[in-house]
Amino acid sequence: LQVSRTPLREALKVLAAEGLVVLKPRRGCYVTELSEQDIDEVFPVMAVLEGKVAELAARRITSADFARPAAIHDDLEKHAAASNADRFFEANQRFHDALQEIAGNRYLAQLINDARKVIKLTRRDSLRLDGRLKQSLAEHRDILDALRDKDPARAQRSMHDHLMSGRNALARLAKAN
């Protein structure tokens, strides 16, 4: 690849600090594998954090703010109808990011972004489970309705349930494989 060792080592150190790879001296670098226990531990944390984001967003949202997640939801609808899990995943990420921006808590956003790095690929996999795209779409619709109604408790609960539903989908996928 014509890359010198020093920048490559530094990049691997950054990935190791983020928990995405494991560096083993004199043995190499390995991609971190998540166990079922790891996934069981991280999803409830994500559900609490993202639930708080949805709650804060519902408290702060204006009609101008609402336009962005509503437009992204239209993309989710389109990708679900086309059964395009990859595009749905990308739009899903934008939806969650939009709520983080509306919530306006950068510390909460940083915690979520750090945890998201760990489970990013597993979340994409869960969308490949039969019926999960439509289920996730309905969950997003519930979150959007709570935001429209400016109902913080319902937004929090809907987001929490959405994340835990994703975990349950992964569990079903693991059993199927």
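Treat the numbers as computed from the prediction; the structure is a model and nothing was measured.

*Asks:* Explain the packing of helix α3 (residues 63–81) against helix α4 (residues 85–103) to me, please; I cannot follow it from the model alone.
*Replies:* Any two packed helices are characterised by the angle at which their axes cross and by the distance between the axes. Running from N to C, α3 and α4 cross one another at 165°; their axes reach a closest spacing of 9 Å. By the angle between their directions, the pair α3 and α4 is classed as roughly antiparallel. For α3 against α4, the interelement crossing comes out left-handed. Judged by residue contacts, D65, R68, P69, I72, D75, L76, H79 and A80 of α3 engage R87, F88, A91, N92, R94, F95, A98, L99, E101 and I102 from α4. Of the residues assigned to the contact of α3 with α4, the class counts are 10 nonpolar, two polar and six charged.

*Asks:* Honestly, a nonpolar patch on the surface in this entry has me stumped. Any pointers?
*Replies:* Where nonpolar side chains cluster on the molecular surface, the patch consists of L1, V3 and L8 and spans about 380 Å² of accessible area. Within the secondary structure layout, L1 lies in the segment before α1 (5–17).

*Asks:* Can you walk me through the packing of aromatic side chains in this structure?
*Replies:* Any two aromatic rings considered together are summarised by their centre-to-centre distance and by the angle between their planes. Evaluation of the coordinates by the stated rule reveals zero aromatic pairs. Lying over the aromatic face of Y30, K24 brings its terminal NZ or CZ to 5.1 Å of the ring centre.

*Asks:* Hey, could you run me through α3 in this one?
*Replies:* Each α-helix winds once per 3.6 residues, and so residues spaced three or four apart point in a common direction. The terminal C-alpha atoms of α3 lie 27 Å apart, and with 19 residues this matches the ideal 27 Å at 1.5 Å per residue to within 8%. Here α3 has its buried residues at F66, P69, A70, I72, H73, L76, H79 and A80. The first or second residue beyond α3 is S83, which carries a positive phi of 55°.

The rules behind the values
- Residues numbered from 1 in each chain as written.
- Predicted model: local features only at pLDDT ≥ 70, side-chain atom pairs only at ≥ 80, totals over all residues.
- Heavy atoms only, no water.
- Axes fitted to C-alpha atoms, helices over the stretch in contact; angles between N-to-C directions.
- Helix = DSSP H or I, 4+ residues; strand = E, 2+ residues; numbered from the N terminus.
- Parallel < 35°, antiparallel > 145°, perpendicular 65-115°, else oblique.
- Left-handed = near helix turned anticlockwise from the far one by under 90°.
- Contact = heavy atoms within 4.5 Å.
- Nonpolar A, V, L, I, M, F, W, Y, C, P; charged D, E, K, R; others polar.
- Patch = residues over 30% accessible without salt bridge, like charges linked within 9 Å, V, L, I, M, F, W, Y side chains within 5 Å.
- Areas by Shrake-Rupley, 256 points an atom, 1.4 Å probe, with all protein chains shown as cover.
- Salt bridge = Lys/Arg side-chain N within 4 Å of Asp/Glu carboxyl O.
- Phe/Tyr/Trp six-rings, centres within 6.5 Å; stacked < 30°, edge-to-face > 60°.
- Lys NZ or Arg CZ within 6 Å of the ring centre and 35° of its normal.
- Expected span 1.5 Å × (residues − 1).
- Buried < 20%, exposed > 50% of the residue type's maximum accessible area, 1.4 Å probe, protein only.

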